[in-house]
Amino acid sequence: MGRPRLQDTHRLYKQKLEEVTKLQNCCSGAIARQRKKLKELSASLQECKETPDTLQLSPEEVGSIMEIRESIKEREDAFAEMEAFLPKKNSLYLTLVLGNVNVTLLNKQSKFAYKDEYEKFKLVLTVILFLFSFTCRFMFSYRVLDAIFNFLLVWYYCTLTIRESILISNGSRIKGWWVFHHYVSTFLSGVMLTWPEGELYQMFRNQFLSYNLYQSFVQFLQYYYQSGCLYRLRALGERHNMDLTVEGFQSWMWRGLTFLLPFLFFGHFWQLHNSITLFKMFQLPQCKEWQVLMCGCSYMVLFLGNFSTTLGVVYQKYMNNQDKAKSL
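About the thresholds
- Residues numbered from 1 in each chain as written.
- Predicted model: local features only at pLDDT ≥ 70, side-chain atom pairs only at ≥ 80, totals over all residues.
- Heavy atoms only, no water.
- Phe/Tyr/Trp six-rings, centres within 6.5 Å; stacked < 30°, edge-to-face > 60°.
- Helix = DSSP H or I, 4+ residues; strand = E, 2+ residues; numbered from the N terminus.
- Buried < 20%, exposed > 50% of the residue type's maximum accessible area, 1.4 Å probe, protein only.
- Lys NZ or Arg CZ within 6 Å of the ring centre and 35° of its normal.
- Contact = heavy atoms within 4.5 Å.
- Salt bridge = Lys/Arg side-chain N within 4 Å of Asp/Glu carboxyl O.
- Axes fitted to C-alpha atoms, helices over the stretch in contact; angles between N-to-C directions.
- Parallel < 35°, antiparallel > 145°, perpendicular 65-115°, else oblique.
- Left-handed = near helix turned anticlockwise from the far one by under 90°.
- Nonpolar A, V, L, I, M, F, W, Y, C, P; charged D, E, K, R; others polar.

J.: Just give me the short version of the packing of aromatic side chains, but keep the residues and values in it.
T.: Under the criterion given, the structure shown has 23 aromatic pairs. Ring centres 5.7 Å apart and planes at 50° place the aromatic pair Trp177 and Phe180 in the tilted group. Of the two residues, Trp177 and Phe180 are both situated in helix H6 (residues 177–194); the distance of three residues between them amounts to about one turn of the helix. Residue Trp177 is classed as buried on the basis of its relative accessible area of 15%. Pairing Phe265 with Phe307 gives two aromatic rings, centres 5.7 Å apart and planes at 70°, and the pair type is edge-to-face. Of this pair, Phe265 sits in helix H8 (residues 261–282) while Phe307 sits in helix H9 (residues 291–327), and the two are 42 residues apart along the sequence. Note on Phe307: relative accessible area 23%, which makes it partly exposed. Following the ring pairs from residue to residue traces out a cluster consisting of Phe132, Phe149, Trp195, Tyr201, Phe204, Phe208, Tyr211, Tyr214, Phe266, Trp270 and Tyr299. Sitting over the face of the ring of Tyr201, Arg143 holds its NZ or CZ atom 4.3 Å from the ring centroid. Across the ring face of Phe121, the terminal group of Arg163 is positioned such that the distance to the ring centre comes to 4.2 Å.

J.: I'd like a description of the environment of Cys295, backed by residues and values.
T.: Inspection of the secondary structure puts Cys295 in helix H9. In this structure the C-alpha to C-alpha distance between Cys295 and Met192, which are 103 residues apart in sequence, comes to 7.3 Å. With residues near it in sequence (within four places) discarded, Cys295 still touches Leu188, Val191, Met192, Trp195 and Leu278.

J.: Before we move on, can you summarise the pattern of salt bridges with the specific residues and values?
T.: Within this structure, the stated rule accounts for six salt bridges. We note a salt bridge from Glu19 to Lys16, for which the minimum N-O separation is 3.8 Å. Within this pair, Glu19 and its partner Lys16 are both found in helix H1 (residues 3–50), separated by three residues, close to a single helical turn.

J.: Describe the packing of helix H4 (residues 108–138) against helix H5 (residues 143–169), listing the residues and the values that go with them.
T.: Two elements in contact, H4 and H5, have axes separated by 11 Å at closest approach and are oriented at 165°. The angle between the axes of H4 and H5 places the two elements in the roughly antiparallel class. The handedness of the crossing between H4 and H5 is left-handed. Looking at the contact of H4 with H5, its residues break down into 18 nonpolar, three polar and six charged.

Laid out in structure tokens, this is it:
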């Protein structure tokens with residue numbers, strides 16, 4: 001390609017970029033206006049429902065109102081699908097970390113590629129953390145190695161929170177506790193990194209490394225079996241293409257992955273055991289480090305969040321099965 005032709009191609013490229021930006025702004029503005037009108041229509045329908053005259057509506061009019069509400073819901077779903085490919089305002093966390101950089105990927109191939117790269121990143125780091133914790137636990141007992149391991153944990157969880165926020169902006173439906181617990185894990189790893197060498201650190205060190213060994217093992221199990229289950233459910237059209245593996249249990253895992261529950265609950269109670277151990281250490285006369293209390297509180301938050309969320313999913317599924325059995 002000659003230089004004049006290259007310049008023409010690049011000029012055309014910049015022109016198309018400007019056109020894309022204008023089209024994006026046009027679509028975003030149109031969606032905002034349509035949303036406003038739908039909100040006003042929904043409010044009018046609600047007022048109509050609450051007035052006494054509603055009792056005098058004919059079956060045809062009631063049917064028309066139901067159709068309008070269904071149409072509003074379908075339109076909202078369509079808007080959400082459109083917005084997945086339009087620039088949107090970053091979350092507070094992404095704004096603080098990255099600024100106002102547009103993180104919306106503009107085609108499905110890019111979204112899927114980023115999601116797959118995120119899953120591979122988790123798998124590779126899980127294996128590295130398992131090997132590192134095994135080395136620190138059974139082969140070398142050096143504070144420098146422990147510090148490197150804890151720094152790796154801080155970097156890993158920080159990176160996960162950023163990548164998950166980007167994936168959420170691009171349509172992934174990971175939410176709630178399974179996002180927040182990575183922030184808690186980042187804080188916990190940071191506190192462990194600052195814990196100075198001493199008698200109390202050595203008292204907790206082996207228990208901490210053994211817990212991380214087990215956690216890495218369970219995370220590997222979850223990735224291996226969840227990824228297979230998600231692939232099967234996506235092929236059946238029962239899961240969204242941007243759904244991710246998580247370090248916990250969700251309702252879609254009920255078919256085929258219930259065998260993971262004992263491993264998960266054992267890990268949750270190990271977090272409780274870590275918390276109780278640290279609280280007891282904090283009461284010792286020689287305890288001067290603030291890290292003991294902070295780590296104990298962090299493990300307690302992790303236990304309460306993980307245990308209650310997993311138990312909630314199991315209870316909800318049990319109640320759904322009971323309702324289905326009654327209806328038969």
